[in-house]
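# Fold and geometry: a report
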Amino acid sequence: MGAADIICMVIYIIVAMIMIGIGISQLKSQKPVGFYSGEQPPSENQLTDVHSWNKKHGFMWLLYGFIIMISWGIGAIIGDNIWSLVPMCGGVLIPIIIMIWYHNRLIKTYKRLSGHK
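Scope of this entry: the structure provided in the associated data block. Please read these numbers as outputs of a predicted model, since none were measured by experiment.

Here we take up the overall build of the protein chain. Scanning the protein chain from N- to C-terminus turns up three helices and zero strands. Secondary structure elements in the protein chain, listed N-terminal to C-terminal, are α-α-α. Here the C-alpha radius of gyration of the protein chain, 17 Å, is well above what a compact globule of 117 residues would show, namely 13 Å. Judged by the C-alpha coordinates and their principal axes, the protein chain covers about 60 × 25 × 20 Å. Of all 117 residues assigned to the protein chain, the portion counted as buried reaches 33%. In the protein chain, the proportion of contacts linking residues at least 24 apart, taken out of those at least 6 apart, comes to 69%. Surface exposure of the protein chain reaches about 7,600 Å², of which carbon and sulfur atoms provide 69%. On the protein chain, the mean spot of the 9 positive side-chain charges and the mean spot of the 5 negative ones are 17 Å from each other.

Structure follows, in structure tokens:
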């Protein structure tokens, strides 16, 4: 393992730990969490179940952190060639698309209709 591989590994681990940290903070939060996409988190009275909302968002971010680490590991196993970029980039980018879809699904599941309290 060369210096570039070590630097890459450290960067992937730092990014993964940030995502895992977001997940843990969302799991522990008592107030509704946001998706970190620039939108404001819903208020408590806008959700049918704040605990489940936070739990599902938190697990989503935890999983993303672990996928980032796994994608680096698969890329490292493949070795020093262009094909190692497929899992390394795919493991970072593809989950974001899935997370956006899942977040929108959670909005439909947990957001109250505007006329209800």
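Let us look at the environment of Gly21. Position of Gly21 among the secondary structure elements: in helix H1 (residues 3-28). Placed 40 residues apart in sequence, Gly21 and Trp61 show a C-alpha to C-alpha distance of 8.3 Å.

Taken as a whole, the largest pocket holds about 260 Å³ of empty space. If you trace the largest pocket, you find 14 residues lining it, with Asp5, Gly79, Asp80, Ser84 and Met88 closest to the centre. Counting only elements with at least two residues in the lining of the largest pocket, the list comes to H1, helix H2 (50-78) and helix H3 (85-110). Taken together, the residues of the lining of the largest pocket break down into eight nonpolar, four polar and two charged.

Right, let's get into H1. Given a rise of 1.5 Å per residue, 26 residues ought to cover 38 Å, and the 37 Å separating the end C-alpha atoms of H1 matches this to within 8%. In this structure, the buried side of H1 is in contact with H2 and H3.

Right, let's talk about H3 for a bit. Taking 1.5 Å per residue, 26 residues should reach 38 Å; H3 reaches 37 Å between its end C-alpha atoms and fits that length. At Gly91, H3 shows its maximal bend, which comes to roughly 35 degrees, and the proline Pro95 appears one to four places after that position. For H3, the set of buried residues is Pro87, Met88, Gly90, Gly91, Pro95, Met99, His103, Leu106 and Tyr110. Elements in contact with the buried residues of H3: H1 and H2.

On the secondary structure map, Ser84 appears in the loop between H2 and H3. When its relative accessible area of 8% is taken as the criterion, Ser84 is described as buried. Considered as a pair, Ser84 and Gly73 are 11 residues apart in the sequence and their alpha carbons are 9.7 Å apart. Not counting chain neighbours up to four residues away, the residues in contact with Ser84 comprise Gly75, Ile78 and Gly79.

Cut-offs used in this document
Residues numbered from 1 in each chain as written. Predicted model: local features only at pLDDT ≥ 70, side-chain atom pairs only at ≥ 80, totals over all residues. Heavy atoms only, no water. Helix = DSSP H or I, 4+ residues; strand = E, 2+ residues; numbered from the N terminus. Rg over C-alpha atoms; globule rule 2.2 N^0.38 Å. Buried < 20%, exposed > 50% of the residue type's maximum accessible area, 1.4 Å probe, protein only. Contact = heavy atoms within 4.5 Å. Areas by Shrake-Rupley, 256 points an atom, 1.4 Å probe, with all protein chains shown as cover. Lys, Arg positive; Asp, Glu negative; His and termini not counted. Charge placed at Lys NZ, Arg CZ, Asp CG, Glu CD. 1 Å grid on protein atoms, 1.4 Å probe; cavity = no way out; pocket = protein on both sides within 12 Å on 5 of 7 lines; lining within 4 Å. Points joined across faces, edges and corners; volume = space filled by probe spheres on them. Nonpolar A, V, L, I, M, F, W, Y, C, P; charged D, E, K, R; others polar. Expected span 1.5 Å × (residues − 1). Bend = angle between axes of the 7 residues up to and from the residue.

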